[in-house]
Amino acid sequence: MNRVRAGTAELTALLDAMRGKRQATQAGIEATVDAVLSDVEVRGWQAVCEYSQRFDNCQPFEVDREKLKQAYDELDPSLRAALQRAHDQIFDYQQRLVTDGVEWQSPNGGTVGQLVRPLSRVGLYVPGGTAAYPSSVLANAVPAKAAGVGEIVMVTPPTAFMKPSVLAAAYMAGVDRVFALGGVQAIAALAFGCGPVPRVDKIVGPGNAY
């Protein structure tokens, strides 16, 4: 019993230390993110380029649509067929959910209801590390297309992990513009509108702690 109690006490102390470290790390992450966002908001595209060079060792650039089509054309036929099937199923499901809204006559008089309209432009962040999945592109871009969003702008880190399958999925889903741009600076560019990256109404997609 004494041994169990000692073990429990040690475990509690370890967990407390881990929580403290995690909180400190989280505070550091938030401070870094706030600093980058503020810098990009003030200095715009120049700051975005500097952070991209610092973190990704590459200047951001827009991916030509011909490159997207090439990735689609050269994709393994079996993978392309699987992605197309996923695309069609997602679109079919999402399209059935689309509504212009509802309205009815209130018992107390007058017409009430809900009016639904698609956003003009959305930003899609696609990770560029080991979690660079074409499914992330389809899961986020296809519902936007089904809803009638006017323009979809995708950002993904300019690294060797810019997988052809991700670019092919962007082409398949009808993503309008793709930028080789990652990290906090990419989110900031979408949020504020910097250089060639237009400001968006909403940002979606997976990411890490930053």
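What counts and how
- Counting restarts for each chain, with residues numbered from 1 along the sequence as it is written.
- Residues qualify for local features only when their pLDDT is at least 70, as the model is predicted, and side-chain atom pairs are given and counted only at 80 or more; totals for whole chains, interfaces and linings, by contrast, use all residues.
- Hydrogen atoms and water are omitted, and side-chain values are computed over all heavy atoms in the structure.
- Working definition of a nonpolar core: buried Ala, Val, Leu, Ile, Met, Phe, Trp, Tyr and Cys residues. They are joined through side-chain atoms within 4.5 Å.
- Throughout, exposure labels follow a simple rule: accessible area from a 1.4 Å probe, protein chains only, divided by the maximum for the residue type, with under 20% read as buried, over 50% as exposed, and the rest as partly exposed.
- Counting from the N terminus, the helices are DSSP H or I runs at least four residues long and the strands are E runs at least two residues long.
- Only heavy atoms enter the contact rule, under which two residues are in contact if any of them lie within 4.5 Å.
- Two strands qualify as a pair provided DSSP detects at least 2 bridges between them.
- Every axis in this analysis is a line fitted to C-alpha atoms, fitted for helices over the stretch in contact. Angles between the N-to-C directions lie between 0 and 180 degrees.
- Residue-level confidence of the predictor is summarised by pLDDT, bounded by 0 at the bottom and 100 at the top.
- Take a side-chain nitrogen of Lys or Arg and a carboxyl oxygen of Asp or Glu: if they are within 4 Å of each other, that pair is a salt bridge.
- To estimate the expected span of a helix, count its residues, drop one, and scale the result by 1.5 Å.

### So, the nonpolar core
Judged by nonpolar contacts, the single largest core of 28 residues is most densely connected at Val-137, Ile-152, Met-154, Val-175 and Val-178. Among the elements of the structure, helix H3 (65–74), strand E4 (121–125), helix H5 (134–147), strand E5 (151–156), helix H6 (164–173) and strand E6 (177–180) are those that each provide at least two residues to this core. Ranked by residue count, the leading element in this core is H6, at seven residues. Among all residues touching Met-154, those that are not within four sequence positions of it are Leu-124, Val-126, Val-137, Val-166, Ala-170, Val-175, Arg-177, Val-178 and Phe-179. Counting residues in each nonpolar core, the second largest holds 20 residues, with Val-33, Val-36, Tyr-125 and Ala-189 among its members.

### Focus: the sheet that holds E6
Spatial strand order, E1-E6-E5-E4-E7: five strands in an open sheet with mixed pairing. Of all the strands in the sheet, just strand E1 (61–63) and strand E7 (202–204) have a single pairing partner and so form its edges. This sheet shows a mean twist of 30 degrees between the axes of neighbouring strands, independent of strand direction. Direction of pairing for E4 relative to E5: parallel, over a ladder of five bridges.

### Quick notes on the pairing of strand E3 (residues 111–115)
Looking down a regular strand, the side chains alternate between one sheet face and the other. Buried residues are scarce in E3, accounting for zero of its five residues. Pairing analysis gives five bridges linking strand E2 (residues 101–105) to E3, with the strands arranged antiparallel. In the sheet register, Gly-101 faces E3, and the bridge partner there is Leu-115. What sits between E2 and E3 in their antiparallel hairpin is a turn of five residues, with Gly-109 showing a positive phi close to 100 degrees.

### Focus on the confidence of the model for the protein chain
With 86% of its residues at a pLDDT of at least 70, the protein chain reaches an overall mean of 88. Note that pLDDT drops below 50 for residues 1–6; the model gives that stretch zero contacts with residues more than four away or on any other chain.

### Description of the pattern of salt bridges
Under the defined criterion, the tally for this structure stands at seven salt bridges. Measuring nitrogen to oxygen at the nearest pair gives 2.9 Å for the salt bridge that ties Arg-177 to Glu-62. Pair noted here: Arg-177 is in strand E6 and Glu-62 is in strand E1, with a separation of 115 residues, a long-range link. Of the residues examined, Glu-62 reaches a relative accessible area of 37% and is grouped as partly exposed. The salt bridge involving Asp-176 is made with Lys-145; its shortest N-O contact spans 3.7 Å. Residue Asp-176 is found in the loop between H6 and E6, and its partner Lys-145 is found in helix H5; the two are separated by 31 residues along the sequence. Here Lys-145 falls in the partly exposed class, since its relative accessible area comes to 28%. Residues participating in the shared-partner salt-bridge network are Asp-39, Arg-43 and Glu-50.

### Topic: helix H2 (residues 45–56)
Over its 12 residues, H2 extends 16 Å from the first C-alpha to the last, a length consistent with the 16 Å expected when each residue adds 1.5 Å. Residues Ala-47, Val-48, Cys-49, Tyr-51 and Ser-52 constitute the buried set of H2. Just past H2, the residue Asn-57 takes up positive phi, approximately 55 degrees.

### Observations concerning the environment of Val-36
With respect to the secondary-structure elements, Val-36 resides in helix H1 (residues 2–43). Among the residues examined, Val-36 registers a relative accessible area of 4% and is labelled buried. Here the alpha-carbon distance between Val-36 and Val-184, two residues 148 residues apart in the chain, equals 6.8 Å. Contact partners of Val-36, with chain neighbours within four places excluded, come to Tyr-51, Val-184 and Gln-185.

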